[in-house]
Amino acid sequence: MEELFGTKKLGFGCMRLPLTGPAADPASQVDYEKTCRMVDDFLAAGFCYFDTAHGYLNGKSETALRHCLTSRYPRERYLLADKLSNGFFKSEAEIRPLFFSQLEACGVDYFDFYLMHAMNAEYYPKYCACNAFAVARQLKAEGRIRHIGISFHDKPALLERILSEQPDIEVVQIQFNYADYDSPSVESRALYEICRRFQKPVIVMEPVRGGALANLPPQAAGAFAGMESSPAGYALRFAASFEGVCMVLSGMSAPAQMEENLGLFRDFRALSPREWQAVSDARRALAGLKSIGCTGCRYCVDGCPKAISIPELFACANSRNLFQDPGAATYYNICTRSGHGKAKDCIGCGKCEASCPQHLPIRQLLAQVSAQFDAPAKE
């Protein structure tokens, strides 16, 4: 696997780059100064893998990489992964133009990795009908793609079927963290074991579960009391400690996060028995709590007819329910200003649920959030 990825396992996920304002505000731009500094530190420490997609940050992630990475460093200094996302093509004829627009947006002549994005039971038939895998093979033959892969968000049986039907897949990106390891909804362990059986290198996404494993409720945080690293550090090291995991993506949005993660992975150490036990204790504590398992990927936001900032509203509910945060209501009001709908404005169209990698019952959860935050004040 070293010939594909190099020897260092930390990848720079570019879905959560530093912004000039709130993520829910379309006017927010990527903070190029901070991003350039983070890119410089990442490369200087010997790391090289960057991951983006056409829709990340409302289309601003690819161009941010052109500005902060590809226009500033020679091509051999980095590995760049991009994706073919369902929402940006409707036919085979649209795939190649989209692909070349992505190359232009990123400022490169080829992608080291090109992944069929967010593969699930709904999207896979479309990718097959549009001959997406065949087009990717053609682009690879032309030297525009070095390695073909998928990012996957569904059940183990489907992953096994896809890997059986698509032997050209070289790498598989899965959600893998200790909270989801034995989760009946995500089934991270089963997905990992299928990748191993098919001898596919694993790229890990959401190792810190959208930041949730970095900011643990007290019941789970106690498992790491007196330990030398942070909860986020243990989540990252958990994912990277598995054989066959060749890259762990971290969606770093601040230089301080970059600094901590570089320290963890510069001279990587797998978890010790004591650390494995602490992680297991934290997992059991989390399993006993009621929270909304949203990772903040924002796939659900695109196409919402009421412009509801769903991840932010779920974060408000978790802050109130897990941490008894008195400021949750204030933040809820901020998130529902400037044309953004409240939870009560949901019309139940279901577009959000069709695109949710976590398969959350978003409409039902929004009704619960509305009951908490939209209820009229008592007289």
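Small disclaimer: the values here were computed from a predicted structure and weren't measured.

Engineer: It is not clear to me how the pairing of strand 1 (residues 10-13) should be interpreted in this structure. Could you clarify?
Structural biologist: Side chains Leu 10 and Phe 12 of strand 1 all project onto a buried face; the interleaved residues Gly 11 and Gly 13 project onto the opposite face, where all are buried too. Direction of pairing for strand 1 relative to strand 8 (residues 245-250): parallel, over a ladder of three bridges. Its bridge partner lying in strand 8, Gly 11 is registered against Leu 249. Note that strand 1 and strand 2 (residues 49-51) share three bridges and pair parallel. Residue pairing for strand 2: Gly 13 is matched across the bridge by Asp 51. For the crossover that starts at strand 1, traverses helix 2 (residues 32-44) and ends in the parallel strand 2, the hand is right-handed.

Engineer: Got a minute to help me understand helix 10 (residues 231-240) in this structure?
Structural biologist: One full turn of an α-helix is made of 3.6 residues, so residues set three or four places apart face in the same direction. The element helix 10 is extensively covered by neighbouring structure, given that 10 of its 10 residues are classed as buried. Of the positions making up helix 10, those classed as buried are Pro 231, Ala 232, Gly 233, Tyr 234, Ala 235, Leu 236, Arg 237, Phe 238, Ala 239 and Ala 240. Considering only its buried residues, helix 10 is in contact with strand 7 (202-205), strand 8, helix 11 (255-266) and helix 12 (273-287).

Engineer: Looking at this structure, I do not really get empty space enclosed by the protein. What am I missing?
Structural biologist: Think of a ball as big as a water molecule: rolled over the atoms, this probe shows where empty space is left. Enumeration over the complete set of coordinates arrives at four cavities of 30 Å³ or more. Roughly 200 Å³ of volume is contained in the largest cavity. Counting only elements with at least two residues in the lining of the largest cavity, the list comes to strand 6 (171-175) and strand 8.

Engineer: Can you help me understand the layout of surface pockets in this one?
Structural biologist: Here the second largest pocket defines a volume of roughly 190 Å³. Taken together, Pro 22, Ala 24, Asp 25, Pro 26, Tyr 331, Ile 334, Cys 335, Arg 337, Ser 338 and His 340 make up the lining of the second largest pocket. Split by residue class, the lining of the second largest pocket holds six nonpolar, two polar and two charged.

Engineer: Any chance you could explain the packing of helix 10 against helix 12 here in plain terms?
Structural biologist: When two helices pack together, their arrangement is given by the angle between their axes and by how far apart the axes lie. Here helix 10 crosses helix 12 at 110 degrees, and the two axes come no closer than 11 Å. Looking at the two axes, helix 10 sits roughly perpendicular to helix 12. Note on element contacts: helix 12 touches helix 10 through Glu 275, Trp 276, Val 279 and Arg 283, opposite Tyr 234, Arg 237 and Phe 238.

Engineer: Explain the environment of Ala 256 to me, please; I cannot follow it from the model alone.
Structural biologist: Within the secondary structure, Ala 256 is located in helix 11. For Ala 256 and Asp 31, which are 225 residues apart along the polypeptide, the C-alpha to C-alpha distance reads 15 Å.

Engineer: I tried to follow unusual backbone geometry on my own but got confused; where do I start?
Structural biologist: Leaving glycine aside, a negative phi is the common case for residues, and trans is the common case for peptide bonds. The backbone of Glu 187 shows a phi angle near 55 degrees, a positive value even though the residue is not glycine. Tracing the chain through its elements places Glu 187 in the loop between strand 6 and helix 8 (188-197). In this model, Ala 307 sits at a positive phi of 50 degrees, which is unusual for a non-glycine residue.

Engineer: What should I look at first to understand the pattern of salt bridges in this one?
Structural biologist: Oppositely charged side chains are able to pair whenever their charged atoms sit close together. Enumeration over the complete set of coordinates arrives at 18 salt bridges. Linking Glu 206 and Arg 16 is a salt bridge whose minimum nitrogen-to-oxygen distance equals 3.2 Å. Note that Glu 206 is positioned in the loop between strand 7 and helix 9 (218-221) and Arg 16 in the loop between strand 1 and helix 2, a separation of 190 residues in sequence. Classification of Glu 206 as buried rests on a relative accessible area of 10%. We note a salt bridge from Arg 209 to Asp 180, for which the minimum N-O separation is 2.9 Å. Here Asp 180 lies in the loop between strand 6 and helix 8 and Arg 209 lies in the loop between strand 7 and helix 9, a separation of 29 residues in the sequence. Classification of Arg 209 as buried rests on a relative accessible area of 11%. The class of Asp 180 is buried, set by a relative accessible area of 2%.

Criteria and cut-off values
- Residues numbered from 1 in each chain as written.
- Predicted model: local features only at pLDDT ≥ 70, side-chain atom pairs only at ≥ 80, totals over all residues.
- Heavy atoms only, no water.
- Buried < 20%, exposed > 50% of the residue type's maximum accessible area, 1.4 Å probe, protein only.
- Helix = DSSP H or I, 4+ residues; strand = E, 2+ residues; numbered from the N terminus.
- Pairing = 2+ DSSP bridges.
- Right-handed = clockwise from strand over helix to strand, strands pointing away.
- Contact = heavy atoms within 4.5 Å.
- 1 Å grid on protein atoms, 1.4 Å probe; cavity = no way out; pocket = protein on both sides within 12 Å on 5 of 7 lines; lining within 4 Å.
- Points joined across faces, edges and corners; volume = space filled by probe spheres on them.
- Nonpolar A, V, L, I, M, F, W, Y, C, P; charged D, E, K, R; others polar.
- Axes fitted to C-alpha atoms, helices over the stretch in contact; angles between N-to-C directions.
- Parallel < 35°, antiparallel > 145°, perpendicular 65-115°, else oblique.
- Salt bridge = Lys/Arg side-chain N within 4 Å of Asp/Glu carboxyl O.

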